[in-house]
Number of protein chains: 2
Amino acid sequence: MAFLALNLLDSGVQLSMLCAVIGLIFAFVLIAIVARSPAGNERMRQISGAVQEGAKAYLNRQVVTISVIAVIIFILLFIFKDPPTAIGFVVGAFCSLSAGFIGMRIAVIANVRTTQAATSSSTRALRIAFNGGAVTGLLVVGLALLSVSIFYTAANKMVGHDMAIRSLVGLALGASLISVFARLGGGIYTKAADVGADLVGKIEQGFEEDDPRNPATIADNVGDNVGDCAGMAADVFETYAVSLIGAILVGALTLVGNSAAIIYPFVLGGISVLGAICGVLFVNVANGKPAAVLMGGVLTSAIISAILFWPATHYLFPTGLTIGGATRTPTQLYFASLIGLVMTAVVVAITNYYTSMRYAPVQKIARASETGHATNIIAGLAVGQHATALPVGFIGIAILLSFHFAGLYGIAIAVMSMLSMAGIIISLDSFGPITDNAGGIAVMSNLPKEVRAVTDQLDAVGNTMKAVTKGYAIASAGLAALVLFGSYVEELKAHVTRNGEPFVFQFSLTEPKVIIGLFLGGLLPFIFTAFSMDAVGKAAGAVVREVRRQLKAKPGILTGQDIPEYGTCVDIVTKAALREMIVPALLPLVFVVAVAIIKPLGPVVLGGLLVGTIVTGLFVAIAMTSGGGAWDNAKKFIEEGNLGGKGSFAHAASVTGDTVGDPYKDTAGPAINPMIKVVNIVAILIIPIFF
Amino acid sequence: MAFLALNLLDSGVQLSMLCAVIGLIFAFVLIAIVARSPAGNERMRQISGAVQEGAKAYLNRQVVTISVIAVIIFILLFIFKDPPTAIGFVVGAFCSLSAGFIGMRIAVIANVRTTQAATSSSTRALRIAFNGGAVTGLLVVGLALLSVSIFYTAANKMVGHDMAIRSLVGLALGASLISVFARLGGGIYTKAADVGADLVGKIEQGFEEDDPRNPATIADNVGDNVGDCAGMAADVFETYAVSLIGAILVGALTLVGNSAAIIYPFVLGGISVLGAICGVLFVNVANGKPAAVLMGGVLTSAIISAILFWPATHYLFPTGLTIGGATRTPTQLYFASLIGLVMTAVVVAITNYYTSMRYAPVQKIARASETGHATNIIAGLAVGQHATALPVGFIGIAILLSFHFAGLYGIAIAVMSMLSMAGIIISLDSFGPITDNAGGIAVMSNLPKEVRAVTDQLDAVGNTMKAVTKGYAIASAGLAALVLFGSYVEELKAHVTRNGEPFVFQFSLTEPKVIIGLFLGGLLPFIFTAFSMDAVGKAAGAVVREVRRQLKAKPGILTGQDIPEYGTCVDIVTKAALREMIVPALLPLVFVVAVAIIKPLGPVVLGGLLVGTIVTGLFVAIAMTSGGGAWDNAKKFIEEGNLGGKGSFAHAASVTGDTVGDPYKDTAGPAINPMIKVVNIVAILIIPIFF
């Protein structure tokens, strides 16, 4: 029986590896297709090369900075925890960094080719940009599935099953922590450059976006790649790997000895790779409006996954699963997995409503711009806050239903199935910065205005897609973090004894320590984002001063006679981003360890802290990412010629809103996502050390 | 023994009534002093009269609107609860409305006299404005103490002790609900007028503040009175009454039969009236910088209270108090009461740091204005979020310590002693709008610039004082709400049975229903403030359109040849405020009842909701009120001649920040305070109806 169980475990994990490999092969085919298409003229390749060089230089320096911190944590884990966990940490960190590099590399291959394709056909440009995104999506998901399953299989053989499960938490920490750094570093970079370029360029000088006379314009385009591509890829790698590990943990901790419960998340992940491939194929053959085609791809992917989940669930759990004494039927487990797919659709639809220029919220912000900067800001802040209501309501329903179907494990399954959609969802997200960069290359290469019109149209779709995938990421992060909190409680149960007896902590709201924990945890997202926004503000201020200096020193830049020194701006932003990311990125780590160490606090306060961070983190993140997306598209709505169009008073106000929204949606907001999980993972890891 | 206990109860409550009456007499003496000082020339009295008329007209219409809702709730309480609770509701509602009227009446008496005093002496102006505020402070506190003690004594005689305690919850609901309406209605009024006047007046036309050519200027001054004076007075009445009732409830529910525990909060309140009187006297004899004199008044008040609390505690609890089996010494109880006083000082100091122009945060916002509107907004948002850290940290310490000294009752005592400072704190708060109005009257009456300089200097101090008292109000509201949550749990224990047995609900974080409750509760402050900001935005938009229309129809207004139609602006704002306050004010009520009724939710989700609202409410409220205050003073910092001074690019950006901060700090942020309590009180009230 034990032999059979182990066999099933092996074959299930192998199946998921096989699917991951299929996904990787498909990704390489896509790379070949993208790389085969023409890369444009010399000037275009030159600009693309400069952007690529800046991005590579930044990521390399980021690796050095992060490595110092990673080595320290590796040593601490090695000494205070155990070698397998420390090695897991290195694997997670390495893969998360690699995911970032992959995202950036693919984007710089695809962007110039998208520009070139836009000279001939909108559909062709759409497909190249999307396929570039899809490569990142499939590579990141494949990497996540492979790294977790290989590490797990190897650790299983070398240190036994229990230790293997526990050392996965190390891998999760590596992935999350690096991802916080990548999100923050990249986010600060991209928005400092963007805000800095806009403040002087657009508002003071009246430049167009990506005007080659703007000294910060190359830095701005580098930013898209290191923030929106590299940062996002590291982030989604983390979300995927951590959700998978969270589900495995819950399976191992609450359903001891049941192998099927452990391999089920792997199988769901593997199957969805096939679903994602079908979705990508759909986009490559369908015709129609860009937004509709992309949504068709997501739908295809979800339907294929939903169909394949059914036989897989019945094969793994022919007689169901016993949880806490009660048997759950295979159909109940299947329903739990469907909840994740449905939640993806729901969150996508809601975020689309709040951030697409076709609906009331964005148009409300646009109209508020007519009465000035301040009313634009007030309207945008309100829209962001309104946008939290429906997602949180549906998350509540998802928790209630999936818990009803299969307890905490049901929630874990719902999260994993939601995350299994990551392959196709990242394809959409990467699509945005690729088209954004493609537009930049078109302007800087003096290509005809029609080319820019094509990329602008795709860029507006990309904006909404980016907001949509952020909503998806944060909703899944909230659920994944709840699963991790469940694991924290189980780990406490397993480890802590008082007077030689196992001791069960209570986390009741009537206990003041829980309330204090909720307050401290609730505080984290607020100060974390405050530090992040400060960082962007400071770095952007440095860019503004540098651009003003250059325009003053060389007045010929304005007339096109002098060429700006793009390099100094790139350099300033690079240094500022690396310097400013440290404090906010280490904040959650320090906070958790401090609460664990300081005497009257301890495990109960820490439990409250974990939940408090999830609760306020969810609201702050959704409000910031949706509000930011809505501000951006309100500006685009006016630029399309509504309410006075470009150059009007309303347009100036909408630019202010867009600029405020930049650090909201691309730095602070999305970084909350990995931060919530770092907090929970660190808490799990330090239980045996401090309690 | 029972007779002795009842006797003690009576005499303790009588003592607090006596103190309240002393406070009222002192207030009437102050009114006489203020009213005796000269009211200025005819033009000044005319303007003051117009403002007073607008304010009265608004408050009267607000009473009509609120009364309709109050009558419906009275009938529902009468039918579904019991007559005493319904009557308590009416008493609370009536007193809360009266507090608002008192605040407004005193302010309009004091403002014109402050202007007149400013023509001769800054110290005299300070004292008149402060004494006007002190009248409101003492009347509101006296009213709160008297209404609760008289209602309690009468109910005790007529329906018995248990019913009297429970019907006090009705009084709390009346006070809180009316206060939400008053805060929202007044807040929407004042900020719609202010924002509307600024957007067209300052930004489009380059008017000074309170320029008589601005058609919205009278509405703006009316707004100060109905929002900052009437709304604030109703709010503090509510906070005081509800904290007192919360402490009585906890005493009665957890320490059954111990009369001293019930009268202790009354006695603390009574003693502090004497402390407040000493503080007021101090301000009237001291000389020095305005901010230092006012802070000296607060300190005097706190020291007197701290000294008198000692003998009172030892007299009431000669052998200590037995809580949950363990005896707490009188010294421990005394320490719990000191925590409230210390917390007041701590919160005042922290908020002062974040909102005074003398410190780094405000100056950071001012410097960020140099790079534009957007960086000003980003910096202000970040400052508001940073400002949450220390208050929440200290609230955590206060909870830990006061619980350590005397359990949940210790927290209740700390809150009551914190609130006992309300008399002197409101004096500071009311000071702000009175000087603001005084400045308005000076400008509109064409008094010499020096007069405006005096009132401006006092106004800047008033701005910080307003932010400080808001920090105080929200911190105490958070603690008071926790006490109410404790009462909710106790009430559930007392009422709910399953199969004839008493049933104890668990509120563990490992229970999904608690998590869902936390999410739903956490959502409330976000959408509540979103609706409030929308309301301000909509109403301000209407003002902008009206002002633009008038300036276009009568170009003579700009040159001073035509007189604007002030009345139409007053009328538009009045209607808009009354219309827009309904939805957000009823939202918390509807939310709580919906969660109670909808089947799979119920008491456990509701418990989570109460705590969730407190957690995010605290953060959102502090971030909004501190951020708003900081934005306002960043503008004042630039207007003092720093960073380019008035008319510079930085100044324009700082005006945008101030305008965004307006609904933050004067509408949405402070309204969270009563809202949190409405949610908790309604939950307590509906237990016997639905569970």
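Residues numbered from 1 in each chain as written. Chains lettered and ligands numbered in written order. Predicted model: local features only at pLDDT ≥ 70, side-chain atom pairs only at ≥ 80, totals over all residues. Heavy atoms only, no water.

Participant: What am I meant to see in the overall build of chain A here?
Facilitator: The number of helices and strands found in chain A is 19 helices and four strands. Taken over the C-alpha trace, chain A has a radius of gyration of 24 Å; the compact-globule value for 691 residues is 26 Å, and the two agree within 12%. For chain A, the C-alpha atoms occupy an extent of roughly 80 × 55 × 45 Å along the three principal directions. By the burial criterion, 68% of the 691 residues in chain A qualify as buried. Restricting to contacts in chain A with at least 6 residues of sequence separation, those with at least 24 account for 84%. Each charge class in chain A was averaged separately, 42 positive and 39 negative side chains, and the resulting centres sit 2 Å apart. (Helix = DSSP H or I, 4+ residues; strand = E, 2+ residues; numbered from the N terminus. Rg over C-alpha atoms; globule rule 2.2 N^0.38 Å. Buried < 20%, exposed > 50% of the residue type's maximum accessible area, 1.4 Å probe, protein only. Contact = heavy atoms within 4.5 Å. Lys, Arg positive; Asp, Glu negative; His and termini not counted. Charge placed at Lys NZ, Arg CZ, Asp CG, Glu CD.)

Participant: Would you mind going over helix H12 (residues 389-419) of chain B with me for this structure?
Facilitator: Helical geometry: 3.6 residues make up each α-helical turn, so side chains three or four residues apart lie on a common side. With 31 residues, H12 of chain B extends only 22 Å from end C-alpha to end C-alpha; this falls clearly short of the ideal 45 Å at 1.5 Å per step. The sharpest bend along H12 of chain B reaches about 125° and sits at Ala 406 of chain B. (Expected span 1.5 Å × (residues − 1). Bend = angle between axes of the 7 residues up to and from the residue.)

Participant: Mind showing me how you'd approach the relation of the copies chain A and chain B here?
Facilitator: In this arrangement, two copies of a chain are superimposed by a rotation about an axis accompanied by a shift along the axis. Overlaying chain A with chain B gives an RMSD of 0.0 Å, the required rotation being 180° about an axis along which the chain moves by 0.0 Å. Expressed as a symmetry operation, the mapping of one chain copy onto the other fits a two-fold axis. Closest approach to the rotation axis among the C-alpha atoms of chain A is made by Ser 508 of chain A, whose C-alpha sits 2.1 Å away. Same-surface contact between copies: 100% of interface residues of chain A are shared with the interface of chain B. (Least-squares fit on C-alpha atoms with pLDDT ≥ 70 in both.)

Participant: It is not clear to me how the interface of chain A and chain B should be interpreted in this structure. Could you clarify?
Facilitator: Accessible area lost upon the coming together of the parts is a frequently used measure of interface size. Listed per partner, the contact involves 62 residues of chain A and 62 residues of chain B. Buried surface at the junction of chain A and chain B, both sides included, amounts to about 5,800 Å², of which 83% is carbon and sulfur. Summed over the shared surface of chain A and chain B, the result is two salt bridges. Note that Lys 364 of chain A and Asp 534 of chain B form a salt bridge whose closest N and O atoms lie 2.8 Å from each other. At the junction of chain A and chain B, the tally comes to 11 residue pairs in polar contact (both at pLDDT 80 or more). The greatest single-element share of the side of chain A that touches chain B, amounting to 18 residues, is contributed by helix H15 (residues 512-553) of chain A. Looking at the side of chain A that touches chain B, its residues break down into 41 nonpolar, 16 polar and five charged. (Buried area = accessible area lost by both parts, 1.4 Å probe. Salt bridge = Lys/Arg side-chain N within 4 Å of Asp/Glu carboxyl O. Polar contact = N/O pair within 3.5 Å; in protein donor to acceptor, adjacent residues only side chain to side chain. Nonpolar A, V, L, I, M, F, W, Y, C, P; charged D, E, K, R; others polar.)

Participant: Please clarify how the confidence of the model for chain A should be interpreted in this entry.
Facilitator: Regions with low pLDDT carry predicted coordinates that are not meant to be interpreted in detail. Residue-level pLDDT values for chain A average 91, and 99% of them are 70 or greater. On the interface metric, ipTM, the complex scores 0.94, and its pTM is 0.94. (pLDDT = per-residue confidence, 0-100.)

Participant: Can you walk me through the pattern of salt bridges in this structure?
Facilitator: Where side chains of opposite charge bring their charged atoms close, a pairing between them can arise. Per the stated rule, a full pass over the model turns up 54 salt bridges over all chains. A salt bridge links Glu 208 of chain B to Lys 646 of chain B, with the shortest nitrogen-to-oxygen separation between them at 3.2 Å. Note that Glu 208 of chain B is positioned in the loop between helix H5 (161-205) and helix H6 (217-254) and Lys 646 of chain B in the loop between helix H18 (603-639) and helix H19 (649-690), a separation of 438 residues in sequence. If you follow the salt bridges from partner to partner, you end up with Lys 191, Asp 194, Asp 459, Lys 470, Asp 632, Lys 636, Asp 662, Lys 665 and Asp 666 of chain A in one network.

Participant: Sorry, what's going on with the packing of aromatic side chains here?
Facilitator: A ring pair, where both rings are aromatic, is described by two values, the distance of the centres and the angle of the planes. Inspection of the entire model under this criterion finds 30 aromatic pairs over all chains. For the cation-ring pair, Arg 498 of chain A lies above Phe 503 of chain A, with the distance from its terminal atom to the ring centre recorded as 5.4 Å. (Phe/Tyr/Trp six-rings, centres within 6.5 Å; stacked < 30°, edge-to-face > 60°. Lys NZ or Arg CZ within 6 Å of the ring centre and 35° of its normal.)

Participant: Help me understand helix H4 (residues 122-159) of chain B, please; the structure alone is not making it clear to me.
Facilitator: Residues and elements named next belong to chain B. Taking 1.5 Å per residue, 38 residues should reach 56 Å; H4 reaches 54 Å between its end C-alpha atoms and fits that length. Counted residue by residue, H4 has 27 buried out of 38 residues, so it is predominantly covered. Regarding H4, its N-cap is Ser 121, as a side-chain oxygen of that residue lies 3.2 Å from the backbone nitrogen of Thr 123 further along. Positioned one or two residues after H4, Gly 160 has a phi angle of 90°, which is positive.

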